[in-house]
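# Chain and residue survey
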Amino acid sequence: MERLDTINIGEILRNSRESLGYTQEEIGEKLGLGRDAIIRIEKGTRKISVDEIRKFMDLYNLNIEDILFSKPIDKVDIKGIILAGGSGTRLYPITRGISKQLVPVYDKPMIYYSLSTLMLAGIKDILIITTKEDQDNFKKLLGNGSSFGINLEYAVQEKPNGLAEAFIIGEDFIKDKPCAMVLGDNIFYGSGLKNELIQASVNASNGYATIFGYEVKDPERFGIMELDNNNNVLSVEEKPEKPKSDYAITGLYFYPQGVSKYAKSLKPSKRNELEITTLNDIYLKQKKLKARLLNEGYSWFDTGTFDSLLEASNMVQAVENNRDKIICSPEIIAYNNKWITKRQLLERAEEMIKNNYGQKLKKHVENKED
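Every value quoted in this text rests on a predicted model; they were computed, and no experiment measured them.

Looking only at helices and strands, one finds 16 helices and 13 strands in the chain. By the compact-globule yardstick of 21 Å for 370 residues, the chain fits well, its C-alpha radius of gyration being 20 Å. Each principal axis of the C-alpha atoms in the chain carries an extent, and together these give about 60 × 50 × 40 Å. Out of the 370 residues in the chain, the part that is buried amounts to 55%. Partitioning the intrachain contacts of the chain with sequence separation of at least 6 by distance along the chain shows that 74% fall at a separation of at least 24. With 52 positive and 54 negative side-chain charges, the chain shows a spacing of 3 Å between the two charge centroids.

Okay, here's the thing in structure tokens:
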């Protein structure tokens with residue numbers, strides 16, 4: 001466990017602000033501190049009172065664990081997987097000609113959102129699992145990841161044999177590292193998300209799995225987590241007829257070293273799939289399963305239907321237009337993480353300068369220089 005006096009609170013607050021797309025001036029106005037005070041707090045050159053810390057925590061949706069246990073981005077040592085296979089039949093006829101994860105969600109392809117989630121967690125080594133037919137299109141879009149300052153590898157899932165199969169397919173890629181997996185059609189956005197992700201990475205490094213819960217109105221459609229009064233996981237169940245809670249298990253999972261071994265031990269379910277819920281139950285029985293709840297201030301979309309795809313696009317459009325900024329952008333996350341240079345970001349922006357995406361990438365650099 002890290003001591004409080006070793007934690008760079010300023011860095012945690014800066015990461016939280018940048019993940020939300022706020023400028024230092026905007027935060028200064030919201031907290032009544034002014035831009036100069038925010039700059040000095042983030043640099044660690046100004047003392048911060050307990051009352052001010054509480055205000056930051058409320059604004060960024062942080063909790064004390066985020067402050068105590070957060071690790072710098074460059075200390076994260078974890079692999080990532082994006083599962084982008086499947087046939088996408090719920091989006092026919094669109095997905096007869098293109099992978100679901102390449103369909104646009106407002107101003108960027110769907111896979112940009114899952115990619116940005118892993119990058120926001122500080123993960124640079126990522127395996128993208130696709131169908132054989134679609135893999136070339138993913139490679140054409142994303143390449144080897146160098147445009148984002150990351151390393152991308154690719155693998156094929158021959159047919160949808162269950163989410164847990166990803167850790168078998170990726171066994172040689174994962175090796176002896178902890179590993180996070182996000183489903184390619186899941187979109188996460190909200191205040192404090194970066195700190196939630198980094199906390200899950202810390203859990204994985206310490207031998208614990210982490211699942212993310214989101215309250216839904218139709219829990220029988222999802223894998224569900226049952227929690228006690230302290231948000232400890234009591235049970236996990238796949239699409240129950242009588243759900244024990246309204247918290248769906250989202251398509252984002254963090255596991256410690258050795259997850260592939262457990263995945264290989266699973267038996268196919270009645271659906272003839274290797275169920276992720278069964279994998280989670282292994283960690284639960286070992287008392288090594290933690291939950292992070294994405295409550296108010298967060299949005300989660302499983303964009304596998306026409307309605308959810310439209311809802312997600314509308315959300316992104318509203319946030320970006322209101323703030324005049326891009327959200328869930330791999331390029332901006334890479335730049336904020338110092339994985340690519342100013343010149344690289346500007347070159348990327350110039351390739352797309354005829355649309356709002358490219359123009360806002362360029363504007364992001366200009367705002368950073370102010």
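Next comes the rest of the description.
The amide bond that connects Y92 to the next residue, P93, takes the cis arrangement and shows omega of 5 degrees. Relative to the elements of secondary structure, P93 occurs in the loop between β1 (79-84) and β2 (104-105). Phi is positive for N272, which is not a glycine, with a value near 60 degrees. Relative to the helices and strands, N272 is located in the loop between α11 (259-264) and α12 (276-285). One non-glycine residue with positive phi stands out, namely C328, at about 55 degrees.

What counts, and where the lines are drawn
- By convention here, each chain's residues receive numbers from 1 onward along its written sequence.
- With the structure being a predicted model, the display of local features is reserved for residues of pLDDT at least 70 and the display and counting of side-chain atom pairs for 80 or more, all residues being used for whole-chain, interface and lining totals.
- Values reported for side chains reflect all heavy atoms of the structure, with hydrogen atoms and water molecules removed beforehand.
- Under the scheme used here, helices are H or I runs from DSSP no shorter than 4 residues and strands are E runs no shorter than 2 residues, and both carry numbers assigned from the N terminus.
- Atoms counted for the radius of gyration: C-alpha only. Globule rule: 2.2 Å times the number of residues to the power 0.38.
- When a residue's accessible area, from a 1.4 Å probe over protein chains only, is under 20% of the maximum for its type it is buried; when over 50% it is exposed; and in between it is partly exposed.
- Two residues form a contact once any of their heavy atoms are found within 4.5 Å.
- Residues counted as positive are Lys and Arg, residues counted as negative are Asp and Glu, and His and the chain ends are not counted.
- Charge positions are represented by NZ for Lys, CZ for Arg, CG for Asp and CD for Glu.

Honestly, that's just the spatial picture; any functional story needs more than this.
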